Every structure is written in structure tokens, then in C-alpha cells.
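# Descriptive analysis of the structure
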Amino acid sequence: MDTSLAHEHHDADAQDDGYDFHRIQEKWLPIWDELKPFASSDPADKRPRKYVLDMFPYPSGDLHMGHAEAFALGDISTRYWRQQGFNVLHPIGWDSFGLPAENAAIKRGIDPREWTYANIAQQKESFKRYAVSFDWDRELHTSDPEYYKWNQWLFLKMYEKGLAYRKDSWVNWDPVDQTVLANEQVLPDGTSDRSGAVVVKKKLTQWYFKITDYADRLLDDLNQLEGAWPAKVLAMQRNWIGRSQGADVDFEIEGHSEKVTVFTTRPDTLYGATFMVVAPDSDLAADLAAESTPAAQKAFKAYLELVQKSTEIERQDDSREKTGIPLDRFAINPATGEHIPIWAADYVLADYGHGAVMAVPAHDQRDLDFARKFNLPVKVVVDTNAPVTGAIPVLDLDENGVAILPDDLPPLDPAATGKPLLGEGRMINSGPLDGLSKSNAIKKIVEQLEAAGTGRASKTYRLRDWLISRQRFWGTPIPIIHGEDGALIPVPLDQLPIVLPPTAGLDLQPKGQSPLAAATDWVNVPNPIDGTPARRDPDTMDTFVDSSWYFLRFLNPSDDERAFDPALADKWAPVDQYVGGVEHAILHLLYARFITKVLFDLGYVSFTEPFSALMNQGMVLSGGAKMSKSKGGVNLGDELDLFGVDAIRITMAFAGPPEDSFNWEDASPAGSGKFLARAWRLANDVTSKPEIEWKTGDPELRRQTHRLLADGPGLFEAFKFNVVVARIMELVNATRKVIDSGAGPGDAAVREATEVIAVALSLFAPYTAEDMWEKLGYQPTVALAGWRKPDPTLLIEDSVVAVVQVDGKVRDKFTVNPKISADELEKLARESSAVIRTLGDREIANVIVRAPRLVNIATR
RNA sequence: GCCGGUGUGGCGGAAUGGCAGACGCGGAGCACUCAAAAUGCUUUGCUCGAAAGGGCGUGUGGGUUCGAGUCCCACCACCGGCACCA
């Protein structure tokens, strides 16, 4: 294999005029570190401001391909705005609390801090090598007490406002690990992702943030983001909040002093409510059962146990038959006065609406399924065969084309067919509502209920309050002290932060309560009010709390007086461009929007939406699937060693639209490297001096250069980075041609084009661009060289290609003066031999002329 | 089931209602070389034709228009989210 030796020797010889990404990276990285070209804190800086933010990473090891794509795309935007003369705030931090650190700590018997900060150091070094243009002076970590102190402050502010509260609720419980699991930790088969145990429901007292108070605003304010956020994310958020309009109806209960309220979107069908169903796991069901017959009590207890043993996956299986038991209790339908039976069934959810429904089996599939299974009465109250203004049922025609008369319409018998009547129709069997349409009936019944005090218009949401308690060590301690008498005492602000204790002597293994409960020195404190013995709340906060306001902390991460400075927030926030994965489309973004509105209500910020624009980058896939360590996906470090930082960055940008995912196998980092070498060689070949007079340059190359200058901004701002790269490639190819077979390397247009290429490439390939800039005779850094203004005189074409179509098909083309008149162009078109041949003896019907580019001759 | 999105060569993808396939990958051929690598050049949607020149082509079927990948209607396929939410 002596050929390879020869090869290496040859490469070493060629070093001087060859493109060597290793050399370039090693040369420029320390120079940038010293220059700090991306510092953004100078108060005297007069440039207009922009805030570009990448979703901060979780330090779970070194950076991977997904990071490489996301941060390349965010960095292109950032560097673009800098070239446009903006002072861009582009900070970086780490979302460094969370379960993986704790699990790693348990596995290795170390402190989670060790693992976390070692990974941060590694990612930081990788980010620098990857040339992401961060302002490193603003680095933050959410696991630093200097950061999480302000989570505690936020919690206390929310507690003061009644937005943080405790309640009992059913949570996912892992009976093996003895711990609460987040919904995401429960596998689709209903088992724990860690222990493999079947997850059950358990009732625990937990801390919640009252996000449901903000449901309307969170929903309505999405309209402001229309067009600036991906339609998909807006739809997902709307879906998640899930507002339903309808009515609350109060039902009296036999032998029960309190009324039971149900929520319905179809109050018009109240006359058809033939039974009531309550969620078995609701307090209401327990109350009703407790006052019932011993037999019913026993049946309820057995049923509740059965329900609690069932897994999520069983519950959600829609082919599953309905289950339920009668409670032997009766409700009184406020419209008909009928006494209707009350059942407990798990198709009704305890935490939606009021945990109870009025069942209208004739007009609801679920209620009908239930009624048919348990032989409950079905009463039709909407005649869906009757025509309704504005929504006339379509009548089928018989074979003679005659409408099938109403007599022949299907019978209104859902009990027999199993199909509920869901369409529009006229009310029947509904007393005063008879004859009305759906919308009129809803209006009328709600008026009547309101007048009688037994109901009211209402809305309800799919959104639930945000459970923030975690029985974990590696998170922000909840700043509450529990008195001996059970009183909740907020930690006084001047005692913040409540710092996590050392892990020495602590068992971090999950065991049903937070490991902090066992840190006796830490958890036992005097009651701040009277000095009696008291205990700290041992739970920590969900890490989504940390990330719900971090964008404000970046404004001055070392501020030890307050979470953030409102004056700086006025200057910089909200974030102009947020970049991150669509996996955060719901939770993180919803929580950040919620906390921003809370901070607005508290008077700390003057805006109500945190992120003015959002870009979701796609994923880097391998074989059509998400890359993962376990599947042995492509390693970023290996790719960087092989192709260089710039080639990987430009590959990410060129692979397609930023929001689309792509297969790494379909990308061509080697091709990107070739392109960069081509570009770099232009700078190497330029022989003219920077002072050269542009006007003397090759006019066609100059025109192409200025077209890129003119089109670039629009393309960048529309995130068409792949198209920009293509345009730069075209300019590189054109410049090469002029050097090799045109005016030569000394031509002014060659220098001008190469300089513009260097500036354009600085957004994608910072190392290559910087080296080109130096070869062109300039000082660093090209990153701040500025995007030049195009010369308008060079954007005017001196000739254009006109197309002649016959019936929309191109038949001839010719080069014409752009100022050619319509008549003249039409004349040329009619004289074209290709056109004459195609026309033959066909008769011309119409001639469309769009001078100077197009003539279309339409024939009969 | 409901909501959102996407369908363009062998592949990734371009295209303010006006030349479909920019740019790149891959392929083929050529130059340089003893040879290779590197680099450069030519070519590359399908199809008929020796050529000149035709025909067909943006998921399917219709429509609007002088002209549709682009706009409208219906459908199909795939991807994503939600889902016993009253």
C-alpha cells in the first residue's frame, strides 16, 4: 500500500495552495475567541437590536447530528442579521436539571453535578469548534443556584397570586420503583419505561400551576402568531387547549342535598337525556355510592378497583366494550322532570368538565353504545329527516330520478341501528323546543335554564392544570415550609435560594418520595413564623419551569438582584426569532407563553407573547428513522473530523428546506467540501488589490454578483437557505469561468464576486469565509463585513429571453431588448418560423402579449 | 374519528399563475496522468426518431384561465398531532 504513502506526501507538498480545513479551523478558532466579535452587551452599541434564540440544549453527552442541524440553521439567521448591521443577541445556556443526570448519578454512584457539568464543558467546546456565533458572556445553567433561585422567586410570586396550589390527584404510579411517573414515562403498553412494571393510578397531593385560568388568553393570543409560527404548531396548541362551547346544566339528585352539574355541548338535546354517567374515579361518584344501598356500594368498590387496574392503553382502545355499574341513585332531568338513573362508567373522565355527563343516547355514539349494552332507554329529540333552513338534508333520488319521499327515509331508531342521529334537524319530543333548529334550540334552552337558575352557557377545556411536583433530587427545591400543624409557609424572599444539599449520604434511588425528604439536616428547619419545628417541601419542580422564562434571564444572567431587568426586557424582548424542534410544539412553548402572561400580569414585562417568530427545524434521519445512539447512528464528531465543520454546516443548510427532515444518506458532505474548496481557490487565485475599481470588471459577472446581493436578503428572511447556497454555487462557478477562460484572475469583477462570496459564505462556512477574507487582503472578521447594497444599475437587464407559446406550449424563444413594445414583440412572434410551422392553417383566436417575456397565441 | 401538513427525474430538492426539473448528489463520456487520486470539461426527465423534429410529463379525476406544479372542487396515498374530551 505504498500508494497511500505517496498520496500523503503529495498532499503535504500541495499544502500551500490547497484547501485544508484542519489548518483553517485551527488558525481561526483562537483568533475569534480573542476578538469576541459576537458580544452584545455594550450599552454604547448604536446598532438596532435583534434577539435570536436557539432552544437551549440538555447536557446529555456530547453534541449530536440533531444539534448540528438546529444550531447551524439558527446560526445562519443570526449571522445574517449581523451582516445586515444588527446587534444580535444570540445567547447559549444549558437546561441542566433533569432525570438523565440523576439516573447517571445513581448508576455510577456520583453526584449529578459531576456528570452534568462535565457534559456541559464538552458541549461548550464542541459548540466553539462548530463555530456557532454565541455571545459567550451570557452563558447560564439552570442547575446553578444563581439561576434556580429565580424559579423559586417565580413560584412564590405565583403562590401569592393563587396561581400555585396543592391538590390531591391521580398520578401514574410505578409499584416497583415506588415513584410517580410522568405521562411520557409510561410506555404505550401501560408499563413503566424503567422498571417494566404495570403502572397504576395513585392519589397524591401535588403542586400545580393554574394554567387553566389562562386558557382563553393562551388560545386567543395564538391569532397574533398566525404566519409567524408554523401552522402546525398553532393547530397543535389550539387542539391541546381544546376549548368547547356549551352549557352547564344542574340536575337535582334524589336524596342528595347538592345538585350535580354536567357540561354539555348539546343542551338542545336535554329532553333526550335518559340517564346520567359519572366518572368512577371522581369524588362525586364516591359520594353518591356512599349514600347508596350496600349492594351498590359493593359493586361500585369492585368496579373502581377494576378501573384503576386498567392501563391507559386498555382505556384508549376504542374497540373495547363499554363498562359501568348502576349506582342505584336517580337524577331529575330539569327539563322533563323525569327521574333518570345514575351510572358510573369509565368512559366519563373525572378531570374533564365536571366528571359527569347527561347521556343522550339517541344523539351521541358513546351514550348509545352504553345504552344498548345496558338496556337503557333511547329517546329521539331531533328529527334529522326534517329539513332545516341552511342545512337541508340531502334527499337520495330513486332510479327514476325522483326524490325519495320522507316516508321512505330511514326510521329514526338509533336504538335498533346502533347509529346515533348526529345531523341537523328539527327538535321533537322536546316541549317548547319542538320545531326549532339546533342553534335556535340551544339559544332557547340556555335562556330557559338561566331564567330558572338551573343552567348557564359555559365552556370547558381539554387543558389541565400543570402538575409541577417531582419526587426527585435534581431539580429546583419548592420554596415552601410545612408547619407542624400542616400550614404552608412560603420561604421569605431574602432566604432564597433554597440550595440543594450535597448528595453525600443521600440515596437517590426512587422510593416514592423525594430523596430530599431523607436529607434531615436540610429538610428540618425552624418555622420562619414562630420557630417551631417544621419541614421543607421535599419535592422539586418540573424542569419545564426552568425553561419557561430562561429567555429573560439571558438579558443579564449575573443579575443577583432580580430574575431579569424589566428595562433590558423592554430593549431586547420578546425573542424575534426562536429556533428549535417541533417536539416542543406543545408543552415547552405553552408553558413559556403562560409564564410570560403571568409576568405581564405581575407588571414585569410589557408583552404577552415570548416568541414573535418560530422556526421548527426538521430532524436528521438515518434510514428514515430518527438517529439514536442505540441504533449506532452517525456520530457528529466523526463527520466533523472527516469533512470539517464548514462542510457539515453547509450540508445541513443545503439539504432542503430547514423545516423538513432529511436522511443523512441523501446528503453529500463530500460534495459540500468540494464546493468549499472551489470557493476558497477563487480567493487564492485573485491577483488584484482591494483598491481596484469595480467598474472595470466583467459586466456579466458583476450583474450576477449584484443579483445575489439583491436576492439574498429575501431568501434568508424566508429561510430558503438551501436556495441561497445554490445561488452562491452558481456565482462560484461563474467566477471560475471568468478566471479560467474569461478576463482572468486580475479582473475587478472576479475580486468583487469573490468578496461577495466570502461574505455570503460567512453565514454558512465561517472558517472558509474568514480564510478567504484574509487572502483577499482584509482583517478579520468577515462575519461583520456587512452585506453590501446591490448597484441598481447592474440589476437592469440589457437583454431578456422572450418565449413564444402556441396554446400554452413553448414553440420558440428569442433574445430581445427588455424595453421592446408589445406590438413589436407580437410581430416578431408571428414571424417566427417555428410558430408558423406549428400554427399551420389553424385559426388564431387570441394573442396574449406580456412584453418583454412572453407571447401566447391561442388557436380555435 | 377530528385537526394540520406533504405528494415534482435514479436521489435531495428549485420554480411572484408565464421556458418544469435551478443547484447538488449519483450515472455516462472525455482531458490531464505511466497509472491513480485530485481537478477541469461535456452529458444526463421519459419516450419516438439516424437526424431535424415530435409526443408525454409535477399523486388521481374534474374545474377556472390565453396559460396551472402553483388557484378552486372531489378523491387517493403518506407523515405528524389529538382522541371514550360529553
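Residues numbered from 1 in each chain as written. Chains lettered and ligands numbered in written order. Predicted model: local features only at pLDDT ≥ 70, side-chain atom pairs only at ≥ 80, totals over all residues. Heavy atoms only, no water.

Attention now moves to the environment of L784. With respect to the helices and strands, the residue L784 is situated in the loop between α26 (766-775) and α27 (792-795). With residues near it in sequence (within four places) discarded, L784 still touches P37, R47, R82 and Q83. (Helix = DSSP H or I, 4+ residues; strand = E, 2+ residues; numbered from the N terminus. Contact = heavy atoms within 4.5 Å.)

Attention shifts here to the sheet that holds strand β24 (residues 577-581). Taking strand neighbours across the sheet as the criterion, the four strands line up as β2-β1-β24-β25 in an open arrangement whose pairing is parallel. Edge strands, defined here as strands with exactly one partner in the open sheet, are β2 (87-89) and β25 (614-617). Across the sheet, the mean angle from the axis of one strand to that of its neighbour is 20 degrees, orientation sign disregarded. (Pairing = 2+ DSSP bridges. Axes fitted to C-alpha atoms, helices over the stretch in contact; angles between N-to-C directions.)

Once that is clear, we can look at the packing of helix α23 (residues 699-717) against helix α24 (residues 721-741). Look at α23 against α24: their axes get within 10 Å of each other, and the N-to-C directions meet at 170 degrees. Between α23 and α24, the crossing angle belongs to the class labelled roughly antiparallel. Each of L701, Q704, T705, R707, L708, D711, L715 and F716 in α23 lies in contact with α24, whose residues at this interface are F721, V723, V724, R727, I728, E730, L731, A734, T735 and V738. Taken together, the residues of the contact of α23 with α24 sort by class into eleven nonpolar, three polar and four charged. (Parallel < 35°, antiparallel > 145°, perpendicular 65-115°, else oblique. Nonpolar A, V, L, I, M, F, W, Y, C, P; charged D, E, K, R; others polar.)

Next up on the list: the nonpolar core. The nonpolar side chains of a soluble globular protein tend to be buried, and buried together. In terms of nonpolar packing, the biggest core is built from 85 residues, with F155, L552 and F594 touching the most fellow members. Look past the residues within four positions of L552 in its chain and what remains in contact with it is F564, A569, A573, L599, V605 and F607. Counting 81 residues, the second largest nonpolar core, distinct from the first, contains W28, F764, A765 and V782. (Core = buried A, V, L, I, M, F, W, Y, C linked by side-chain atoms within 4.5 Å. Buried < 20%, exposed > 50% of the residue type's maximum accessible area, 1.4 Å probe, protein only.)

Another point: the side chain of S469. With respect to the helices and strands, the residue S469 is situated in strand β18 (residues 469-470). A distance of 2.5 Å separates a polar atom in the side chain of S469 from the backbone nitrogen of W207. (Polar contact = N/O pair within 3.5 Å; in protein donor to acceptor, adjacent residues only side chain to side chain.)

The environment of RNA strand B is made up of 52 residues, and the closest members are T265, K322, R366, R678 and K813. Counting only atoms of RNA strand B within 4 Å of the protein, the sugar-phosphate share comes to 64%. The separation between a base nitrogen of RNA strand B and a polar main-chain atom of L349 is 2.9 Å. In terms of residue count, α24 provides more of the surface near RNA strand B than any other element does, six residues in total. (Near = heavy atom within 4 Å.)

Moving on to the packing of aromatic side chains. Scanning the model with the defined rule gives 43 aromatic pairs in all. Seen in terms of ring centroids, F155 and F209 are 6.1 Å apart; in terms of plane orientation they differ by 45 degrees. Their pairing is tilted. You can see F155 sitting in helix α6 (residues 145-160) and its partner F209 sitting in strand β7 (residues 200-209), a full 54 residues away along the chain. Look at F155 and you get buried, because its relative accessible area is 0%. For F209, a relative accessible area of 0% translates into the label buried. Summarising the aromatic geometry, the rings of F209 and W466 are spaced 5.3 Å apart at their centres and angled 85 degrees between planes, so their arrangement reads as edge-to-face. Linking F209 in strand β7 with W466 in strand β17 (residues 466-467), this pair joins segments that are 257 residues apart in sequence. The residues F209 and W466 share a single accessibility class, namely buried. By way of ring pairs, the aromatic residues F155, Y159, W207, F209, Y214, W466, F544, Y591 and F594 are connected into one cluster. Sitting over the face of the ring of W136, K128 holds its NZ or CZ atom 5.2 Å from the ring centroid. (Phe/Tyr/Trp six-rings, centres within 6.5 Å; stacked < 30°, edge-to-face > 60°. Lys NZ or Arg CZ within 6 Å of the ring centre and 35° of its normal.)

Any functional reading would require information that these geometric values do not contain.
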